[in-house]
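The lines below spell out each chain.
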Amino acid sequence: MTTAHRTCPLCQSVCGLTISLDADNRVTSVRGDQDDPFSNGYICPKGASFGNVDEDPDRLRVPMIRTGDQWAEATWDEAFAAVERGLTRITEEHGKNAVAVYFGNPTYHTMAGFLYRMPLIQSLGTTNVYSSGTIDHMPKHVAAGSMFGDPFALAVPDVDRTDYLLIIGANPLETHGSLWAAPDLPSRLRALRRRGGTMVVIDPRRTRTAEFADRHLPVRPGTDPYLLLGIVHTLLAEDLTGIAVDVNGLDELRAIAQEFPPEFAQRFCGVPAADIVRLARELAAAPTAAVYSRMGGSTVEFGTLTQWLVDVVNVLTGNLDSAGGVMFAKPAILEVFRSGQPFSTGNWRSRVRDLPEVLGELPAATLADEIETPGAGKVRALISIASNQVLSTPNGPRLGQALRELDFMVCVDPYLNETTKYAHVILPPPRMMQTAHYDFLLSMVTVRNYARFSPPILPLEPDQRTEAEILARLTLIAAGAGAAADPSGVDEMFIGQLFEGATQMPGSPFEGRDVAELRAELEGDSSPELVLDALLRLGAYGLSLPQLKAKPHGIDLGPLEPRLKELLCTPSGLVELAPPGVTGDLARLPREPAAKDGEVLLIGRRQLRSSNSWLHNVPSLKGGSNRCTLHVNPADAARHGLGERAVVRSAKGELVVDVEQTDVVMPGVVSLPHGWGHEGGSQRVAAEEPGVNANALTDELVLDVPSGNAVFNGVPVTISPYPTPALSPKG
Ligand SMILES: Nc1nc2c(c(=O)[nH]1)N[C@H]1C(S)=C(S)[C@@H](COP(=O)(O)OP(=O)(O)OC[C@H]3O[C@@H](n4cnc5c(=O)[nH]c(N)nc54)[C@H](O)[C@@H]3O)O[C@H]1N2
Ligand SMILES: Nc1nc2c(c(=O)[nH]1)N[C@H]1C(S)=C(S)[C@@H](COP(=O)(O)OP(=O)(O)OC[C@H]3O[C@@H](n4cnc5c(=O)[nH]c(N)nc54)[C@H](O)[C@@H]3O)O[C@H]1N2
Ligand code: SF4
Ligand SMILES: [Mo]
């Protein structure tokens, strides 16, 4: 028996796990790490199944190459040679933009996904960069970038000290938080209630989080901007503001809010004006308050407006960057992702739909256009890392058809699935237990400053490669150095650039030092670990990797402290309350409610024992609430004559779904989880209960315009009985 510790990578909560293994290195138990100073022994059902996820026999172990419909195992040399041939041929004939790259959600949860993203993009030199950012949180980056200058200035609710928490379109008691790493949120929220705090949830569904709250306000999907403008209107009209940071644009904001009183919002949101006024007064009166919003306020048609207004309310009530409000974490690594330059978008535009670049990316919702549309710059090859786009992007089936047309596609993924089945080569990363872990990105959104490094628990087999090596080799291939070049060269170049910069930067701890000497001081068991060590040494706390290794349960770096002044980089040097790039979108916001007869609005829902598209293959997480059903309010089911099954139709597609009648969803709203619709993959357990692909209904042509983000919530659909009464035996 051995015991090992590591951070759980299965959601954004960064819980510490304690894993017991038997003599054959099989996992016998997974518990919460009692000595982790941040998660304090907390674990959820997914974390408890970490061993089953990791040991899944359906994971690919070695590279796969497809010829026609036939898959065959290959050696790494053969696979990388095939990638080199495939990509080189296309760039030679059609130029760099003919190769697209796509980073999926798990790249935010791996060291490799962080370390090689920029080197790979730079080596490819393509404008066709895509990621799950534009099917998730891009509105938040645009709002932050426009208000604070820094698109990575992502404020999180200081949940442990707040007196009032308003949650808009998020369900952290089931998702465990998003862009908000707060392990053991149930205890943190119970503590909030115990100290007399208040929690209010705005959501079309009475979620577990809404059940827990003091108040739940059901809102019509997609209408939160009106509600938030109603709050802003009240704060300004009743002179309830207590702005504590230096701002610009208050007059413009006042003029905007004038137009949107709470009575106006009531007509769109279905939330009584009196409730909106009460929210404003309570937010202003609370000693401290935090407003937080995620998917329900992001993957909607006015996601950027919503995310902007959330932080406008935080600023107006004096709760931005102060204890108990919303605050910015201070990661232990050098924050290389912050450019310090004012944010801008549209540095290039997409070829087919003329959509602006945002944060160096084009919208995932237009990738199919770029593959299908002939002409110079057509995408002919795709490098897809940790993404199941057929299940995760709007109108995913159309993108699936497009992927089939590609001249070359390589996937870095542990499974053969709905998306990777179109690849020519699949390069599987090793198991999580064979992989070192450090949360580069999530340490930006923790509710306490915290650092933890997890070394690999199990060694690699000779026929496996780390994900870091896989991505480094793809980078070298893209750079023209060839598949056989030394992958540590990518890391060494990065370290060299880091130290060159640091030794020349006035005020840096390493100013004037010798680069070679600094390099010689680095310690780590692999070249990515050396990079981590360098980033830690250059970071705010002057830590090092050996120090982290000496504290295997993690290091608490204290409560969040104000740091807006360090991050703020708007041209005005002030927090912009009415940035034109965002407020311009108010012109698009309808001034009349537009509900069509017979239509209902489709929203999603995340499930406690699942993670997007890839955890349905774990027997211990199956069943119960983890089923792909359409939640329909009983009143709607009666009105539309629904029985056990229904046909759901949208502008883009139609699905036959199992119906679950429940008053958890408000009337006029139906909810279908995403990530289902399994077919044609290696996941045998998932195939037994495949479910349906919610993204067969969502529309890739409808976007949150400022961010290019996809719209998954508030999709107009019709629902009718299945089989249709005319075809049923009784006619
Ligand atoms: N168990 C589990 N945890 C997960 C995941 C998972 O799949 N399963 N996925 C992870 C990922 S990638 C992410 S991004 C996070 C997401 O974390 P959350 O944002 O907390 O997740 P969702 O369940 O999508 O929450 C969105 C909520 O918004 C509501 N909603 C929908 N439309 C609207 C609207 O127009 N207005 C308002 N106010 N509310 C609306 C929905 O009913 C839902 O309750 O979760 C992460 N954690
Ligand atoms: N309708 C609807 N659609 C949605 C959403 C919604 O709420 N509703 N949510 C959206 C959101 S927030 C997100 S983040 C996306 C998620 O969608 P994606 O970005 O596609 O991510 P996942 O579905 O989590 O899985 C991606 C792939 O990563 C692989 N994978 C797992 N672990 C690793 C690893 O360590 N390394 C590598 N290389 N691969 C790995 C899995 O096998 C899987 O094929 O879906 C979006 N799509
Ligand atoms: S809450 Fe998230 S990080 Fe914690 S154990 Fe569960 S899946 Fe893992
Ligand atoms: Mo996500």
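As annotated in an unreviewed UniProt entry, the chain is Molybdopterin-dependent oxidoreductase from Actinophytocola glycyrrhizae. Regarding the chain, the relevant UniProt record gives this comment under Sequence similarities (unreviewed entry): "Belongs to the prokaryotic molybdopterin-containing oxidoreductase family."

### Comments concerning the overall build of the chain
Of regular secondary structure, the chain possesses 26 helices and 30 strands. The C-alpha radius of gyration of the chain comes to 25 Å, within 12% of the 27 Å expected for a compact globule of 731 residues. Its C-alpha atoms give the chain principal-axis dimensions of about 70 × 65 × 60 Å. Buried positions account for 62% of the 731 residues belonging to the chain. Across the chain, contacts joining residues at least 24 apart in sequence account for 73% of those joining residues at least 6 apart. With an accessible surface of roughly 26,300 Å², the chain has 52% of that area assigned to carbon and sulfur atoms. In the chain, 64 positive and 87 negative side-chain charges are present, and the distance between their average locations comes to 4 Å.

### Some remarks on the domain arrangement of the chain
When its domains are assigned, the chain resolves into domain 1 (2-54), domain 2 (75-126 + 342-496 + 545-557), domain 3 (140-328 + 572-586) and domain 4 (595-721). In this structure, domain 1 and domain 4 have C-alpha centres spaced 31 Å apart. Contact with domain 1, which involves six residues of that partner, is made by nine residues of domain 4. It is P45, K46 and V53 in domain 1 that bury the most area against domain 4; as a group they hold 62% of the surface buried on that side. Remark: the boundary between domain 1 and domain 4 carries zero salt bridges. For the pair domain 1 and domain 4, the interface holds three residue pairs in polar contact (both at pLDDT 80 or more). Elements represented by at least two residues in the side of domain 1 that touches domain 4 include exactly α1 (45-48) and α2 (50-54).

### Some points on the environment of N388
On the secondary structure map, N388 appears in the loop between β15 (381-385) and α16 (389-392). A relative accessible area of 6% means that N388 is categorised as buried. Along the backbone, N388 and D24 are 364 residues apart, and their C-alpha atoms lie at a distance of 33 Å. When residues no more than four places from it in sequence are discounted, the contact partners of N388 are N417, E418, T419 and S613.

### Describing the pattern of salt bridges
In total, this model carries 49 salt bridges according to the counting rule given. Measuring nitrogen to oxygen at the nearest pair gives 3.1 Å for the salt bridge that ties D54 to R431. Here R431 lies in the loop between β17 (425-427) and β18 (437-438) and D54 lies in helix α2, a separation of 377 residues in the sequence. Its salt-bridge partner being K652, residue E700 comes within 3.3 Å of it at the nearest N-O pair. A residue pair is termed long-range when its members are at least 10 positions apart, and E700 in the loop between α26 (684-688) and β28 (703-704) and K652 in the loop between β25 (645-649) and β26 (654-661) qualify at 48 residues.

### Let's talk about the site of ligand 2
In the vicinity of ligand 2, 26 residues are found, and the nearest of them are N388, S392, D413, E467 and S613. At 2.9 Å, a backbone N or O of N105 approaches an oxygen atom of ligand 2. Within the side chain of S613, a nitrogen or oxygen atom sits 2.6 Å from an oxygen atom of ligand 2. Alone, ligand 2 offers 920 Å² of accessible surface; in the complex the protein occludes 95% of this. Taken together, the residues that form the shell around ligand 2 break down as 10 nonpolar, 12 polar and four charged. Here the shell around ligand 2 spans two domains, and each of domain 2 (75-126 + 342-496 + 545-557) and domain 4 (595-721) adds at least three residues to it.

### Quick word on the nonpolar core
Among the nonpolar cores identified, the biggest contains 157 residues, and L166, I231, W308, L427 and Y438 are the most heavily contacted of them. Mapped onto the domain boundaries, this core takes at least three residues apiece from domain 2 (75-126 + 342-496 + 545-557) and domain 3 (140-328 + 572-586).

### Some points on the sheet that holds strand β9 (residues 164-168)
Taken in spatial order, the four strands make up an open sheet running β11-β10-β9-β13, and their pairing is parallel. Only two strands of the sheet have a single neighbouring strand rather than two, namely β11 (215-217) and β13 (290-293). The mean angle between the axes of side-by-side strands here comes to 15 degrees, regardless of whether they run parallel or antiparallel. In the sheet, strand β10 (residues 198-202) pairs with β11 via three bridges, with the strands oriented parallel. Across the sheet, residue V201 finds its bridge partner in β11, namely H216.

### Examining the sheet that holds strand β30 (residues 715-722)
Spatial strand order, β23-β27-β24-β26-β25-β30: six strands in a closed barrel with mixed pairing. Taking each pair of neighbouring strands and ignoring which way they run, the sheet shows an average axis angle of 45 degrees. Sheet topology places β25 next to β26; five bridges connect them, and they run antiparallel. Residue V647 lies in a different strand from β26, and its bridge partner there is V656.

### Brief notes about the packing of helix α3 (residues 76-94) against helix α18 (residues 467-478)
It is at 10 Å that the axes of α3 and α18 come closest, and there the two elements cross at 35 degrees. By crossing handedness, the relation of α3 to α18 is classed as right-handed. Side by side, α3 and α18 meet where W76, F80, V83, E84 and L87 of the first sit next to I470, R473, L474 and I477 of the second. When its residues are assigned to classes, the contact of α3 with α18 shows seven nonpolar, no polar and two charged.

### Structural notes on the UniProt feature "domain: 4Fe-4S Mo/W bis-MGD-type" (unreviewed entry) in the chain
Annotation from UniProt places "domain: 4Fe-4S Mo/W bis-MGD-type" (unreviewed entry) at residues 1-58. Annotated as residues 1-58, this span is 16% helix and 31% strand, and its ends, taken at the C-alpha atoms, are 25 Å apart.

### Re the packing of helix α10 (residues 224-237) against helix α11 (residues 250-258)
Close contact between α10 and α11 brings their axes to 9 Å; oriented N to C, the two are set at 115 degrees. The two elements α10 and α11 meet at a crossing, and its hand is left-handed. Where α10 approaches α11, its residues L229, V232, H233 and L236 are matched on the opposing element by L250, L253, R254, I256, A257 and Q258. Of the residues assigned to the contact of α10 with α11, the class counts are seven nonpolar, two polar and one charged.

Parameters at a glance
- Residues numbered from 1 in each chain as written.
- Chains lettered and ligands numbered in written order.
- Predicted model: local features only at pLDDT ≥ 70, side-chain atom pairs only at ≥ 80, totals over all residues.
- Heavy atoms only, no water.
- UniProt positions renumbered as here; feature names shortened; annotations may be inferred.
- Helix = DSSP H or I, 4+ residues; strand = E, 2+ residues; numbered from the N terminus.
- Rg over C-alpha atoms; globule rule 2.2 N^0.38 Å.
- Buried < 20%, exposed > 50% of the residue type's maximum accessible area, 1.4 Å probe, protein only.
- Contact = heavy atoms within 4.5 Å.
- Areas by Shrake-Rupley, 256 points an atom, 1.4 Å probe, with all protein chains shown as cover.
- Lys, Arg positive; Asp, Glu negative; His and termini not counted.
- Charge placed at Lys NZ, Arg CZ, Asp CG, Glu CD.
- Domains from an automatic or database assignment.
- Buried area = accessible area lost by both parts, 1.4 Å probe.
- Salt bridge = Lys/Arg side-chain N within 4 Å of Asp/Glu carboxyl O.
- Polar contact = N/O pair within 3.5 Å; in protein donor to acceptor, adjacent residues only side chain to side chain.
- Near = heavy atom within 4 Å.
- Nonpolar A, V, L, I, M, F, W, Y, C, P; charged D, E, K, R; others polar.
- Core = buried A, V, L, I, M, F, W, Y, C linked by side-chain atoms within 4.5 Å.
- Pairing = 2+ DSSP bridges.
- Axes fitted to C-alpha atoms, helices over the stretch in contact; angles between N-to-C directions.
- Left-handed = near helix turned anticlockwise from the far one by under 90°.

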